[in-house]
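For reference, the chains in residue letters:
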Amino acid sequence: EYLGPLYSVVLETICSALVKDETGAYMESKDWKSVLPKLKKTLSDFCKEHSITDEHKEVMVKKLDGFNSKTNGNKLTAPFEQVGYKLSKQEKDVIRDRNLFLHGKIHERPSDESWLKSKLLYVCMELRKLCGLLLFRHAGFKGPILNNAVEMGLEEALKNKEPLFITYDEKTEAPPANGKA
């Protein structure tokens, strides 16, 4: 299925375009430049003390270089705060787990393949909803946004009691039965 990876990349692209903090750093560059050498020295001393190989030490030092960078998860949730949308636990889980699509690491391998298909479709529809929500809100749209996972009757969405429509004020309501407001 191509929807999962596609929506995962689309979400990252939208978030990159909307996020205001271009540096993505926790500390100012000049502050980090004074902290990093001390961290590297501490790590070097630790490696000597515990007989850690130079190759392993080199990997750890490279990882230290990225310690001041915000995680991808932070970058992907910040735009929702900017548009005034509070992510649910399920939506945060979907954002966190989107890498399963990108790296082919689906951990659950049940014998019931229909369950897996339903779960994957749910995640795809959630990613799609989140992408649309960001784009619509950023554009100033304040009307209802259809939650495809609920409209499709996906088990996960129904179990989570998700609304059929997401409205700007987060009051969720189904459309009138006769189609008129």
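Residues numbered from 1 in each chain as written. Predicted model: local features only at pLDDT ≥ 70, side-chain atom pairs only at ≥ 80, totals over all residues. Heavy atoms only, no water.

### Regarding the confidence of the model for the chain
Low pLDDT means the predicted coordinates in that region are not meant to be read closely. Applied cut-off: One number per residue, pLDDT, summarises how confident the predictor is, and it ranges from 0 to 100. Secondary structure elements follow DSSP: runs of H or I of four or more residues count as helices, runs of E of two or more count as strands, with numbering from the N terminus. Only heavy atoms enter the contact rule, under which two residues are in contact if any of them lie within 4.5 Å.
Considering every residue of the chain, the mean pLDDT works out to 82; 81% of them sit at 70 or more. Looking at the elements of the chain, mean pLDDT is at its lowest for helix 6 (residues 99-103), recorded as 71, and at its highest for helix 8 (residues 148-151), recorded as 93. Contacts of residues 171-181 to residues separated by more than four positions or lying in other chains number 7 contacts, the stretch itself having pLDDT below 50.

### A short note on the pattern of salt bridges
Which entries qualify depends on this criterion: A carboxyl oxygen of Asp or Glu within 4 Å of a side-chain nitrogen of Lys or Arg is what we treat as a salt bridge. Only protein chains enter the calculation, and the probe is 1.4 Å; a residue is then buried if its accessible area is under 20% of its type maximum, exposed if over 50%, and partly exposed in between.
If you walk through the whole model with that rule in mind, you get 10 salt bridges. One salt bridge in this structure joins Glu91 and Lys129, with 2.8 Å as the shortest N-O distance. Note that Glu91 is positioned in helix 5 (residues 89-97) and Lys129 in helix 7 (residues 113-138), a separation of 38 residues in sequence. For the pair shown, Glu91 and Lys129 are each scored as buried. For the salt bridge of Asp97 with Arg96, the shortest nitrogen-to-oxygen distance reads 3.2 Å. Looking at Asp97, the relative accessible area reads 28%, which means it is partly exposed.

### Comments concerning the packing of helix 1 (residues 3-18) against helix 4 (residues 72-82)
Axis angle and axis distance: for two packed helices, these are the angle between their axes and the distance between the axes, and together they describe the pair. For clarity, the threshold we go by: The convention used is that axes are lines fitted to C-alpha atoms, helices contributing only their stretch in contact, and that angles between N-to-C directions extend from 0 to 180 degrees. For a crossing to be left-handed, the near helix must be turned anticlockwise from the far one by less than a right angle; the clockwise case is right-handed.
Taken N-terminus to C-terminus, the directions of helix 1 and helix 4 make an angle of 65 degrees; their axes are 9 Å apart at the nearest point. In this structure, helix 1 meets helix 4 at a crossing whose hand is left-handed. The residues of helix 4 that touch helix 1, namely those facing Leu11, Glu12, Cys15 and Leu18, are Asn72, Lys75, Leu76, Pro79, Phe80 and Gln82.

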